[in-house]
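# Notes for the structure review
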Amino acid sequence: DVLFWRGAKIGGFRKQVVESMAGVPYTDVGFMTWESISTAGVNSAPGCLPLWEHCGKRYLGFLQGTTYSSRLKYQLLCGSTVLATRQSWGEWWT
């Protein structure tokens, strides 16, 4: 079992966390990047995994970025343990 996180390379906090976790046993933490390959909408996102693959992980990380991230509610639905940083906003679900 590993702590898994993927996300965009935004904000200094995420960069600091990813760099500090490099080489730490039982972690799979890294950035994904968006690459525009064509003007026809064919694009690439190296490092990106679909949510259903996230749900196969026992421990998921949730890191604050520079704006709102909608991923937390989906991670909680996975049934995995979610380790989250303190967020700058409150989010309500009904």
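The preceding data block contains the structure.
Residues numbered from 1 in each chain as written. Predicted model: local features only at pLDDT ≥ 70, side-chain atom pairs only at ≥ 80, totals over all residues. Heavy atoms only, no water.

## Here's the deal with helix H1 (residues 11–21)
- Here H1 has its buried residues at Arg14, Val17 and Val18. Down the axis of H1, the buried set is contained in an arc of 95°. They therefore lie on one face. Exposed side of H1, more than 90 degrees from the buried face: Gly12, Gln16 and Glu19 are the residues found there.
- Here the buried face of H1 lies against strand E1 (3–8) and strand E2 (27–32).
- Where H1 terminates, the next one or two residues include Gly23, which has phi positive at roughly 80°. (Buried < 20%, exposed > 50% of the residue type's maximum accessible area, 1.4 Å probe, protein only. Helix = DSSP H or I, 4+ residues; strand = E, 2+ residues; numbered from the N terminus. Arc of directions from axis to C-beta. Contact = heavy atoms within 4.5 Å.)

## Points about unusual backbone geometry
- Phi is positive for Tyr26, which is not a glycine, with a value near 65°.
- Along the polypeptide, Tyr26 turns up in the loop between H1 and E2.

## With respect to the sheet that holds strand E6 (residues 81–84)
- The sheet built from 4 strands is open, its strands ordered E2-E1-E5-E6 with parallel pairing. Only two strands of the sheet have a single partner each, and these edge strands are E2 and E6. Geometrically, the sheet is characterised by an average inter-axis angle of 20° between neighbouring strands, direction not taken into account.
- Pairing analysis gives 4 bridges linking strand E5 (residues 59–62) to E6, with the strands arranged parallel. By the bridge assignment for E6, Phe62 is matched with Ala84. (Pairing = 2+ DSSP bridges. Axes fitted to C-alpha atoms, helices over the stretch in contact; angles between N-to-C directions.)

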